[in-house]
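# Observations on the three-dimensional arrangement
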Amino acid sequence: MLNKTLIEKILLQAVSGGADFAEIYSENCFNSSIQLLDSKIKKSVDGFDFGAGIRIFYGKKAIYAYTNDLSEKSLLSLAKTISKADTGKSNITTFNLCEKKIANIHPIEIFPKDVAKAEKVNFLHQVNKFARNHSKFISQVRIIYSEVEKKILVANTEGLLTKDSRNYVRAYATAIAAKNSEMQTGGEGPGAFKGFEFIKNLNPEKIGNEIAKQAVVMLNADYAPSGKFPVIIGNAFGGVIFHEACGHSLETTSVAKGASVFADKMGTQIANKCVTAIDDGTIPNQWGSTNIDDEGNPTQKTVLIKNGILNSFMIDKLGGMKIGMKSTGSGRRESFKFAPTSRMRNTYIAPGKDKIEDMIASVDYGLYAKKMGGGSVQPGTGDFNFAVSEGYLIEHGKITKPVRGASLIGNGANILHKISMIAADLKHAEGMCGSSSGSVPVCVGQPHIKVDEIIVGGRKEN
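What this report covers is the structure whose coordinates are included nearby. Note that this is a predicted model, so its numbers are computed, not measured.

### Things to note about the overall build of the chain
Each helix and strand in the chain was counted, giving 10 helices and 25 strands. Compactness check: the chain gives a C-alpha radius of gyration of 24 Å against a globular reference of 23 Å for 462 residues, within 12% of the reference. In terms of overall dimensions, the chain has C-alpha extents of about 75 × 55 × 35 Å along its principal axes. Relative to its full complement of 462 residues, the chain shows a buried share of 53%. For the chain, the share of sequence-separated contacts (at least 6 apart) that also reach a separation of at least 24 residues comes to 75%. For the chain, the exposed area adds up to about 19400 Å²; of that, 50% sits on carbon and sulfur atoms. On the chain, the mean spot of the 57 positive side-chain charges and the mean spot of the 46 negative ones are 2 Å from each other.

### What to know about the sheet that holds strand E11 (residues 277–280)
One open sheet holds the six strands; their spatial order is E13-E12-E11-E16-E23-E22, and the pairing between them is mixed. Strand pairing shows two members of the sheet lacking a second neighbour, strand E13 (309–310) and strand E22 (427–435), which therefore form its edges.

### Overview of a nonpolar patch on the surface
A cluster of nonpolar side chains, namely Phe48, Phe50 and Leu70, defines an oily patch on the protein surface of about 290 Å² accessible area. Relative to the assigned elements, Leu70 resides in the loop between strand E3 (61–67) and helix H2 (72–83). Overall, Leu70 belongs to the partly exposed group, its relative accessible area being 31%.

### Observations concerning the environment of Lys306
Mapped onto the elements of the fold, Lys306 is located in strand E12 (residues 301–306). Note on Lys306: relative accessible area 48%, which makes it partly exposed. Not counting residues within four places of it along the chain, the set of residues in contact with Lys306 comprises Val275, Thr276 and Asn311.

### Examining H2
Taking 1.5 Å of rise per residue, the 12 residues of H2 would be expected to cover 16 Å, and the 16 Å separating its terminal C-alpha atoms lies within 8% of that figure. Listing the buried residues of H2 in full gives Ser74, Leu75, Leu78, Ala79, Ile82 and Ser83.

### Here we look at the pairing of strand E6 (residues 160–179)
Counting buried positions along E6 gives 14 out of 20 residues, so the element sits mostly inside the fold. Pairing between strand E4 (residues 98–99) and E6: two bridges, direction parallel. By the bridge assignment for E6, Glu99 is matched with Leu161. Counted between consecutive antiparallel strands, the loop separating strand E5 (residues 138–156) from E6 contains three residues, among which Gly159 sits at a positive phi close to 100 degrees. The sheet contact formed by E6 and strand E8 (residues 191–192) spans two bridges and is antiparallel.

### Observations regarding the pattern of salt bridges
Side-chain pairing between opposite charges can occur once the charged atoms of the two side chains come close. If you walk through the whole model with that rule in mind, you get 25 salt bridges. The salt bridge partner of Glu99 is Lys163, with a shortest N-O separation of 4.0 Å. A residue pair is termed long-range when its members are at least 10 positions apart, and Glu99 in strand E4 and Lys163 in strand E6 qualify at 64 residues. Lys163 gets classed as partly exposed once you look at its relative accessible area, which sits at 37%.

### Remarks on the nonpolar core
If you look at the biggest cluster of nonpolar residues, it comprises 46 residues, and the most contacted ones within it are Ile241, Phe262, Met372, Leu408 and Leu416. Grouped together as the second largest cluster of nonpolar side chains are 27 residues, Phe123, Ala131, Ile143 and Ile211 included.

### A word on the packing of aromatic side chains
Going through the model one piece at a time under the given rule, you end up with nine aromatic pairs. Ring plane angle 40 degrees and centroid distance 5.2 Å describe the contact between Tyr168 and Phe193, whose orientation is recorded as tilted. Taken together, the residues Tyr168 in strand E6 and Phe193 in the loop between E8 and helix H4 (197–200) connect sequence positions 25 residues apart. The pair formed by Tyr168 and Phe193 is uniform in burial state, with each residue classed as buried. With a centroid separation of 5.4 Å and an interplanar angle of 75 degrees, the aromatic rings of Phe229 and Tyr365 are classed as edge-to-face. A residue pair is termed long-range when its members are at least 10 positions apart, and Phe229 in strand E10 (residues 225–233) and Tyr365 in strand E17 (residues 365–377) qualify at 136 residues. Pairwise contacts between aromatic rings join Tyr168, Phe193 and Trp287 into one cluster. Above the ring of Tyr223, the side-chain terminus of Arg404 is found at 4.5 Å from the ring centroid.

Rules and cut-offs
Residues numbered from 1 in each chain as written. Predicted model: local features only at pLDDT ≥ 70, side-chain atom pairs only at ≥ 80, totals over all residues. Heavy atoms only, no water. Helix = DSSP H or I, 4+ residues; strand = E, 2+ residues; numbered from the N terminus. Rg over C-alpha atoms; globule rule 2.2 N^0.38 Å. Buried < 20%, exposed > 50% of the residue type's maximum accessible area, 1.4 Å probe, protein only. Contact = heavy atoms within 4.5 Å. Areas by Shrake-Rupley, 256 points an atom, 1.4 Å probe, with all protein chains shown as cover. Lys, Arg positive; Asp, Glu negative; His and termini not counted. Charge placed at Lys NZ, Arg CZ, Asp CG, Glu CD. Pairing = 2+ DSSP bridges. Patch = residues over 30% accessible without salt bridge, like charges linked within 9 Å, V, L, I, M, F, W, Y side chains within 5 Å. Salt bridge = Lys/Arg side-chain N within 4 Å of Asp/Glu carboxyl O. Expected span 1.5 Å × (residues − 1). Core = buried A, V, L, I, M, F, W, Y, C linked by side-chain atoms within 4.5 Å. Phe/Tyr/Trp six-rings, centres within 6.5 Å; stacked < 30°, edge-to-face > 60°. Lys NZ or Arg CZ within 6 Å of the ring centre and 35° of its normal.

Okay, structure coming up:
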């Protein structure tokens, strides 16, 4: 990590062209991954990645550059280069750089680097064994174990100097069931901002059986009907629709550009009053949490929608300057190669009071989307199309049979008004979110919810 004297020299050099603000972000990151395929370890990769990025502001205009050469000569050269990218009237000649100690709310019991690879490999083989033993239809299993240990430093000309350490572990498992020319996939990807104790506490039999069951059930399912139906969307990864179709439109990255349908809706009703949505970076050891954001600000619990009313955006420093609001500790980036932008952390719909059995009983004919798959969203409009990876038909208030090939088609802003029932079984699911500042760990989440009407794409006419 860089010393205080050098940081001050770099920042003063960066603002020597008249910039209003300069910031340096440096990181030292260890990555390790092991992949199992065809019941064999196919790949094991370890590596270090390190470097630093310098960002300067001229008013509301930002300029960013980075290097993986952390020598004094290289960093001062980078600062000098970026200082000439524009001209300004600021005259920052001195500042008091004070280190700000942060409390670590994400304790680590077992650092993954201290665990032998053999133990990690054994975990992968266990999941593989249970998945393959679940059914004769399982034709392939792939499991990837990954761990990350990242140390970061953030300093700026406002006097901020702070550091953080982040540890992530994750196991991502998929199983493929095949019969004749048909194939279906099941998957689980548990992860945490935690040490290897997280992996030790996972049950490989449960994971293996679950991914195999998903694939086999869908392999033998009838095709889903198409039309407009009420849909019960499952908890955990069901929250991906809110994340993609609404969450990104609540980031200042889109709000500040006027490219969000919610840009001028602050304080207005944008959802059914039963809907409260939150983005929370403070949940201990949660996959999307951090102690501080990548601009050095303490992360927060941000209530985005409260009882259907738009309450806040997710705000980074530059985005906040553009819309006139304070940062919510939401500035994030994949690495030193990216300037930070406003990003989600652990984003979820808050629990309600409805019972799942009452939701199902309220539907005469509809779909239970137990698990959601991938999809696509039109940025700005929130129009979405998501696959249902595990779905069931609801008939006369009861779940009757599995159906496959369903997709949910709609618009995020419209769907928020059609959520009429919310259960209490909030659950999070881990994933990676890609956007303009790279790929970052996030959680999506929700309890079971009922959407009164949504277009279901299927292969059978109703």
